[in-house]
Each structure stands twice: as structure tokens, then as C-alpha cells.
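Results of the structural survey
Okay, here's what each chain looks like letter by letter:
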Amino acid sequence: MVVASPNPLKRSKKTKAMGVPTIDLSLKYQQRSTLTDLIVEACEDFGIFKVVNHGISTEVISALENHGLDFFSKPTPEKHLVVGPTVPKPFGYGFRNIGNNGDVGDLEYLLLHANLSSTHPPLFGEAVDDYVGAVADLSCELLDLMAEGLWVSDKTIFSKLIRDVQSDSLLRLNHYPPLKNKDSFINGSGERIGFGEHSDPQILTILRSNDVGGLQICMPDGLWVPVQPDPNAFYVMVGDALQVLTNGRFGSVKHRAMANNSTTKARMSMNFFGAPPLNATISPIQEMVSPMNPNLYKPFTWGEYKRAMHSSRLSDCRLNLFKRR
Ligand code: GA4
């Protein structure tokens, strides 16, 4: 059994110069243990990695992308009519408002339930189901590789939470319009923000964007670094729930999207947030807790965490509420 260690010293050695690690998923065929080690290291050191050779077809990705772009190009009243109110409560179409507590950003978005049994608005034909099916499978495969790399006896211990028919997973399409008005959404440091800094609350996020940049991550040394857009890859981010399940061995990554600086082209990202069912208890798995690595978190259900998150601001560290003193 591997002794889990939430090791802030190890994390703080990693700097901007190292960049986001790239994981080649085709290694699974010949070099499985190298692959699992690399994934574990990326989750420990950065909480984010890029996956290439992921096996998801371009057709599945482009179908959702084209439907999304087509949707966002419609006149605003039509968008509201198709999927609901300005502030989705919590699902539907949103314009500039993020969450319920006053956060704003220079974007519009669609937020949809994404568990495999839910029905989606008859919006994009099969495109949502096909995409969600593919990225949910990818996230489960990656979670199984993580469990393997951590030498956990039940390899499906993380992925079964997302495979559960009651999983609370989400799909979010974020559309950042091209630069029009330089004055909008400037934060205290003079930066124009598309989606402010936060960590994702769920287990794992699978992000795919077009070739317009904007995503930044906060490195363990506190520096914000841009993440190169790569339409052929997926970025995978550790969420708060996985941080807890691994007792802090993996850390959720703080990230943000700057407002789009392109004068002509919109940035669009498609984000799958793999989440447990509402009634699932989130607490460190047994293998991650030992006398050397005491349990860092009070147990909570995913439903309780969601309540905490919906009464918080985007940049709040919601996990602090559940830390043992
Ligand atoms: C961040 C990740 C997902 O986009 C999201 C966001 C959610 C929302 O837009 O309603 C939250 C945010 C996100 C965390 C804190 C709360 C809730 C906005 C916000 C201020 C859909 C999610 O699950 O958590």
C-alpha cells in the first residue's frame, strides 16, 4: 500500500517553467505503469494535465461545437426562449451572471445536466448525448488509471461515482465574445475577466476549447500562467471532490479565463464536470489515510457541498468549510 502524503513542499517546487504536463493516452497499450505514474504525478504537482491521443472522434467534438456556435450566434431573445432565464437556476442560458451571488464575467454560456440517464433540452439533436457519453467515458478511464497509479485496491473507486445513474455531472459551454469594449469587467489588478478564479467543485473536469486562448492556471508558486489552447486535446482538471477523496494528495487547480482578446474570433470552451450523486458521501478513501496522513476533512455529502457552493462567491475556498481543525 502506498502511503498518501499531502505534500505542499513537493508541490511548491513546481514552477511556471515546467508548464502543464502532457499525457499521451496511447501509452496505455504498452507502458501502462509509466502512464499511471505520470498521471499521478501531474495530479499531485499541478492538478491539471493535457491529454493527447484520447480516442474521441473529431466528429463527436465538432458536432457539439458547431451546434454551440450556431446557438450563440442567435439573437439574444431567441437564446433566452430556447433554454430559459438569464440566470439559469441552475440550468439554462446565462449571460454575464455566474452563480447566484453577484459574480460576473465577459461571457455567455449554456449549462446542462450531463448524467447519462438525464434528458437534455431537444436542443442539439444527438450531439449533447454523444459528447457527454464520450467525455464521461474518458473521465472514468482517467480516474481508473489514477486509482491504479495510487495502488488503490478497487480501481473503480472514483469512476463509479460518475458512472452512477444519479451522478450530478454537468456540461457547460462557455462563449467568450471577441473584444469589443475594453472597459468591461476589469478586476482589481486591471485584468479583463471572462470567468473569474476558482477551483471546480466536482471530481474531474474535462475541458476542450477552440484555438482561441484565455485559460490561465495558478501555479503552486502563485504565478498565473496561460494555458495554450489546443483543439485536438483535452485539459483535465482535478476538482475539490477528488482532492478530498485523495485526502489532499491531489490538489484541485485554481484557474480562470481571461476575457477574449481576439478582435475577430470568439473563444468557446466545452466543459464536462464529472460529479457524484447528491447523496454520495465524500471523504478520503481508506488507502489515503494512515497515522502519518490523518484524515484532513470532515465527511459531507455532495448535496451538502453543492449547497455550500451555491451560497459562496466564485473565488471562495469552499473546502475550508470542511477541513478538520
Ligand atoms: C464552477 C464550475 C462550474 O462552472 C459550475 C459553477 C457554478 C455556477 O456557475 O453555477 C458556480 C461555481 C462553479 C462554483 C461556486 C458557485 C457555483 C458559480 C458560483 C459562484 C457550474 C459549478 O459546478 O461550480
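The structure we're discussing is the one just above.
Model, not experiment: these values are computed from the prediction. (Residues numbered from 1 in each chain as written. Predicted model: local features only at pLDDT ≥ 70, side-chain atom pairs only at ≥ 80, totals over all residues. Heavy atoms only, no water.)

Focus: unusual backbone geometry
The following threshold applies: Helix and strand definitions follow DSSP, with helices as H or I runs of at least four residues and strands as E runs of at least two, each counted in order from the N terminus. Burial here depends on accessible area, computed with a 1.4 Å probe over protein chains only, as a share of the maximum for the residue type. Under 20% is buried, over 50% is exposed, and the range in between is partly exposed.
Its identity is not glycine, yet Trp 151 carries a phi of approximately 60°, on the positive side. On the secondary structure map, Trp 151 appears in the loop between helix H5 (127-149) and helix H6 (159-163). Look at Asn 247: it is not a glycine, yet its phi comes out positive at around 55°. Along the chain, Asn 247 falls in the loop between helix H7 (240-245) and strand E11 (255-258). Look at Asn 247 and you get buried, because its relative accessible area is 1%.

Some details on the nonpolar core
General note: in soluble globular proteins, nonpolar side chains tend to be found buried as a group. Short version of the rule: By convention a nonpolar core is built from buried Ala, Val, Leu, Ile, Met, Phe, Trp, Tyr and Cys residues, the set being connected through side-chain atoms within 4.5 Å. It only takes one pair of heavy atoms within 4.5 Å for two residues to be counted as in contact.
Among the nonpolar cores identified, the biggest contains 69 residues, and Phe 49, Leu 142, Met 146 and Leu 242 are the most heavily contacted of them. With 14 residues, H5 is the largest single contributor of residues to this core. Discounting chain neighbours no more than four positions away, the residues touching Phe 49 are Val 20, Pro 21, Ile 23, Ile 39, Ala 42, Cys 43, Leu 142, Met 146, Phe 234, Tyr 235 and Val 236. One finds Leu 215, Val 225, Val 227 and Val 253 within the second-largest nonpolar core, a separate group that totals 11 residues.

Here's the deal with the packing of aromatic side chains
Quick reminder of the rule: Stacked, tilted and edge-to-face are the three classes applied to pairs of Phe, Tyr and Trp rings, where Trp contributes its six-membered ring and a pair requires centres within 6.5 Å; stacked means planes under 30 degrees apart, edge-to-face means over 60, and tilted covers the rest. The criterion for a charge sitting over a ring is simple: Lys NZ or Arg CZ within 6 Å of the ring centre, and within 35 degrees of the ring normal.
Taken as a whole and judged by the stated rule, the model has seven aromatic pairs. An angle of 70° between the planes, with centres 6.2 Å apart, marks the rings of Phe 71 and Phe 124 as edge-to-face. Here Phe 124 lies in the loop between strand E4 (103-113) and H5 and Phe 71 lies in helix H3 (residues 58-72), a separation of 53 residues in the sequence. Taking the relative accessible area as the measure of exposure, Phe 124 reaches 4% and is therefore buried. Members of the aromatic cluster, connected to one another through ring pairs, are Phe 71, Phe 72, Tyr 93 and Phe 124. The side chain of Arg 172 reaches across the aromatic face of Tyr 109, ending 4.0 Å from its centre.

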